[in-house]
Amino acid sequence: MSVAVAAAGVHKTYVDGVRRVEVLRGVDLEVAPGELVAVVGPSGSGKSTLLHLLGALDRPDAGAIAIGGTALTELSPRRLAHFRNRTIGFVFQFHQLLADFDALENVMLPGRIARRDPRQVLARARALLEEVGLADRLDHFPSQLSGGERQRVAICRALALEPPLLLADEPTGNLDPESGAQVFDLFLELQERHQTTGVLVTHNPAIAARCARALRLEGGVLQPG
Amino acid sequence: MPRLLLSPLPFAAVLALRYLKSTRKDAFASFLSAVAAGGIALGVAALILSLAVISGFQDALRSEILGRTPQLEVELPPGADAAAARRAVLAVPGVRAAQVQARGGGWVVAEGKVQPVELVGIEGTVPRSFPGAAGRPEGLYVPRGLAERWALRRGQLLRLASPRPTLTPFGPQPRVRTLPVAGFYESGRTQQERERVALPLRAAESLVGGGSRLLEVTAGGLDEALTLAARLPAVLPPGAEVRTWQDLNRPLLFALRLEKAVLFVAVFLIVLVAALALVADLALVTSSKRPEIGMLGAMGATAGEVGGAFLLLGALVGGLGTAAGAVLGVAGAWVLDRYELLPVPGRVYFLDYVPFLVRWQDLVVVLALTLFLALVSSYYTARRAAAMDPIEAMRR
């Protein structure tokens, strides 16, 4: 399952003390269902801000964002939380795994938040972790896993509820080149197999080149990469 | 097998239980949790024990005092017909007994020794306010303590004197009556109580005069006496004053209640300080879990679930402390009372040991108030955790 992502005329301004920083100045973005789009740009260009807006973690000052036809600006905070849970899977630069839960439990968390049947949630989490080669790491806590393993668990967690949209913010940015490459291979493989729409933010041209389409965010607007 | 995540518990409870377990790994957080829970336990135990001491003393003092206080006392106006008033009172349903009494101050004199006493003139049998002699025929009854000090024997003649003068050819002289000792009653050990002697009404009247008369009224019990007190004035002559055992001991009962209230407030400060430790503990846990709280928000956990988890965590730490304190306090009170572990000099106090009595009403108030305080303390941090912006929280 996948959804289309549409952003039109998105503006976002931050007030930093007395200085106003206009990060996004009318971003337009169309992502087709099942497509993987990379957004590249120098650091501070607003890539993460765009991703947060697409992920319903923040609201634009102006413009409209629709995911699968749902306009995000019209949802209450509670409905937004619900929407994030069912529709979006996040992978961040830092794994953001919960330290007090083991790998299997971390992958089960979205399912528990969604109040799915715990037995099905468990089966799904186990299958995902086995798929990424962590079958013997299920009961390991994040502190007992390597950086690459943690990020693989984080990808499984993002896919736990089979969300139609996957948002990744420098998913390999915190890893050494070798495990970074492995994790990205896995990310691509899973995205393709599950036919998930994806938006990936990176400053790594090699990674951007492997995506279906790459866009460059510069001066607050998106241009073809 | 992730048993906790397979349980049917709400998500907030799953988080709270895991955080409670995990604080043991963080040395400082676990220290703070232990201080908070331990402090609450200590405060609750101290509260239960100190209230139990007061209750124990109250209970002992009440039975001690109330044993020798009339349940109801009616002071008749001067010149009233005491016999008629007694008949009228006896006709009221619920009245078990009513006795005419005359009272006044005087002295007991024997072989050069003098003891000021309250003279209580009685008619018929000795009333219940003279424990140990109650129900015996009228006569002169003196406190056992006095009898022991003066080595009095039954049948020995004692002189009773009153300050009411009688005119003689030699000028005014105090009135004196000589009576044989009929028996003894158990004297109280409280300081407040004046020495009393019971003597036949006629003899008392000749000593203190017949102007002021009292009725001692006995009902089925202490509570019945209080309801009866409201019904009595209707059948009594105008000007008659009805006093209950509560009225007669009001200063003492008030002092006991005040003592309990003041002690409660003072000892509750321990719980208050422990609640501050709980606030610090939860603040530490929330700040160390900031990025995780942000990720929970990104995964779609609602503010209610995140806030609920920290509220529950505080309630769990507070609840554990409260439960431990309740067990400690109740068990401690039981052991101290059962084995009379705290002796006090019986000659100074009216008891040989410190009594402990845990009243369930006290227990309910202590537990409810402590848990409420734990919840209030957790509410602040829970709200802050719930209000965290996911992006801000995840930023490192």
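Residues numbered from 1 in each chain as written. Chains lettered and ligands numbered in written order. Predicted model: local features only at pLDDT ≥ 70, side-chain atom pairs only at ≥ 80, totals over all residues.

Looking at this model, I keep getting lost on the environment of B:Ala229. Mind explaining?
Residues and elements named next belong to chain B. For Ala229, the position within the fold is in helix α7 (residues 222–231). Residue Ala229 is classed as buried on the basis of its C-beta count, with 21 C-beta atoms lying within 10 Å. The contact partners of Ala229, leaving out residues within four places of it in the chain, are Leu72, Val242 and Thr244. (Helix = DSSP H or I, 4+ residues; strand = E, 2+ residues; numbered from the N terminus. Buried ≥ 20, exposed ≤ 12 C-beta atoms within 10 Å, placed from the backbone. Contact = placed C-beta atoms within 7 Å.)

Explain the sheet that holds strand β7 (residues 165–169) of chain A to me, please; I cannot follow it from the model alone.
Strand pairs in the sheet, formed through backbone hydrogen bonds, run parallel or antiparallel to each other. Residue and element names in this part refer to chain A. The sheet built from 6 strands is open, its strands ordered β6-β7-β8-β3-β9-β10 with mixed pairing. Unpaired on one side and paired on the other, β6 (88–91) and β10 (221–224) mark the two borders of the sheet. Taking the axes of each pair of neighbouring strands and ignoring which way they run, one obtains an average angle of 20° across the sheet. As defined by bridge partners, β6 adjoins β7 across 4 bridges and the pair is classed as parallel. Residue pairing across strands places Ile88 opposite Leu165, the latter belonging to β7. (Pairing = 2+ DSSP bridges. Axes fitted to C-alpha atoms, helices over the stretch in contact; angles between N-to-C directions.)

How do you make sense of the interface of chain B and chain A when you look at a structure like this?
Interfaces are often sized by the accessible area lost when the parts come together. Taken together, the contact between chain B and chain A spans 20 residues of the former and 25 residues of the latter. For the side of chain B that touches chain A, the secondary-structure elements that each account for two or more residues are α1 (3–6), α2 (11–22), α10 (290–298) and α13 (390–394) of chain B. Ranked by residue count, the leading element in the side of chain B that touches chain A is α2(B), at 5 residues.

What should I look at first to understand the nonpolar core in this one?
Where a protein is soluble and globular, its nonpolar side chains tend to be buried together. With 128 residues, the main nonpolar core has A:Val107 and B:Ile48 as its most contacted residues. For this core, the element with the highest residue contribution is helix α3 (residues 27–66) of chain B, accounting for 17 residues. Contacts of B:Ile48, omitting those with residues within four sequence positions, involve B:Ala326, B:Gly329, B:Val330, B:Ala333, B:Val358, B:Leu363 and B:Val366. Grouped together as the second largest cluster of nonpolar side chains are 22 residues, B:Ala133, B:Leu146, B:Leu199 and B:Leu201 included. (Core = buried A, V, L, I, M, F, W, Y, C linked by C-beta atoms within 7 Å.)

I tried to follow the packing of helix α9 (residues 250–288) of chain B against helix α11 (residues 303–338) of chain B on my own but got confused; where do I start?
Each pair of packed helices can be described by the angle between their axes along with the distance between the axes. Residue and element names in this part refer to chain B. For the pair α9 and α11, the least separation of the axes is 11 Å and the interaxial angle reads 140°. As summarised for this structure, α9 and α11 are arranged oblique, according to the angle between their axes. Regarding α9 and α11, the two cross each other, and that crossing is right-handed. Every residue of α11 that contacts α9 at Ala274, Leu278, Asp281, Leu282, Val285 and Thr286 is listed here: Phe310, Leu313, Gly314, Val317, Gly318 and Gly321. Grouping the constituent residues of the contact of α9 with α11 by class yields 7 nonpolar, 4 polar and 1 charged. (Parallel < 35°, antiparallel > 145°, perpendicular 65-115°, else oblique. Left-handed = near helix turned anticlockwise from the far one by under 90°. Nonpolar A, V, L, I, M, F, W, Y, C, P; charged D, E, K, R; others polar.)

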